[in-house]
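This is what each chain is made of:
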Amino acid sequence: MHFTIEIEQEEDGRFIAEVIDFPGVLAYGQTKEEAVARVQALALRVLADKLEHGEVTPKLLSVSFAAV
């Protein structure tokens, strides 16, 4: 599975990263790297929950993220 992460800088200087494939999965960070790391961890938790509940097929070979 491939997930796209959008990153924006807020007016207060913080960065917000959002996984487009999972609406509502977003995280803030003081740097781009921190925001991306936090949103990746959150997306993996959401994916694990979906796997546990049978919402996604467990035939995953890999998971990758691309920040844009």
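Structure: see above.
Our subject in this report is the structure included herewith. (Residues numbered from 1 in each chain as written. Predicted model: local features only at pLDDT ≥ 70, side-chain atom pairs only at ≥ 80, totals over all residues. Heavy atoms only, no water.)

## Regarding the nonpolar core
Part 1 of the argument: Residues Ile5, Val19, Phe22, Val25 and Val39 are the most contacted members of the largest nonpolar core, which totals 14 residues.
Part 2 of the argument: Secondary structure elements with two or more residues in this core: β1 (2-9), β2 (15-19) and α1 (32-52).
Part 3 of the argument: It is α1 that provides the largest number of residues to this core, a total of five residues.
Part 4 of the argument: If we skip the residues at most four places from it in the chain, Val19 touches Phe3, Thr4, Ile5, Val25, Val39 and Ala43. (Core = buried A, V, L, I, M, F, W, Y, C linked by side-chain atoms within 4.5 Å. Buried < 20%, exposed > 50% of the residue type's maximum accessible area, 1.4 Å probe, protein only. Helix = DSSP H or I, 4+ residues; strand = E, 2+ residues; numbered from the N terminus. Contact = heavy atoms within 4.5 Å.)

## A word on the sheet that holds strand β3 (residues 26-29)
Part 1 of the argument: The mixed open sheet is built from four strands, whose spatial order is β3-β2-β1-β4. Of all the strands in the sheet, the pair left with one neighbour each is β3 and β4 (64-67). On average, each strand axis in the sheet is inclined to that of its neighbour by 25°, with strand direction left out of account.
Part 2 of the argument: Sheet topology places β2 next to β3; four bridges connect them, and they run antiparallel. From the neighbouring strand, Glu18 faces β3, where its bridge partner is Leu26.
Part 3 of the argument: Contacts from α1 reach β1, β2, β3 and β4 within the one sheet, and its direction differs from that of β3 by about 155°. (Pairing = 2+ DSSP bridges. Axes fitted to C-alpha atoms, helices over the stretch in contact; angles between N-to-C directions.)

## Some words on the environment of Glu8
Part 1 of the argument: Mapped onto the secondary structure, Glu8 falls in strand β1.
Part 2 of the argument: Between the C-alpha atom of Glu8 and that of Lys32, which follows or precedes it by 24 residues, the distance is 8.5 Å.

## Structural notes on the packing of aromatic side chains
Part 1 of the argument: Tallied over the entire structure, the rule returns two aromatic pairs.
Part 2 of the argument: Grouped by ring-pair contacts, the aromatic residues Phe3, Phe22 and Phe65 constitute a single cluster.
Part 3 of the argument: A cation over a ring is seen here: Arg14 above Tyr28, with NZ or CZ 4.0 Å from the ring centre. (Phe/Tyr/Trp six-rings, centres within 6.5 Å; stacked < 30°, edge-to-face > 60°. Lys NZ or Arg CZ within 6 Å of the ring centre and 35° of its normal.)

## Overview of the pairing of β2
Part 1 of the argument: Of all five residues that make up β2, four are buried, and the element is covered over most of its length.
Part 2 of the argument: Here β1 folds back onto β2, and the loop between the two strands holds five residues, one of which, Gly13, carries a positive phi near 100°.
Part 3 of the argument: Where β2 hands over to β3, the hairpin turn is made up of six residues, of which Gly24 adopts a positive phi near 90°.

## So, the environment of Phe15
Part 1 of the argument: For Phe15, the position within the fold is in strand β2.
Part 2 of the argument: For the pair Phe15 and Ala41, spaced 26 residues apart in sequence, the C-alpha to C-alpha distance is 16 Å.
Part 3 of the argument: Leaving out residues up to four positions away in the same chain, Phe15 has contacts with Ile7, Glu8, Gln9, Ala27, Tyr28, Gly29, Gln30, Thr31, Lys32 and Ala35.

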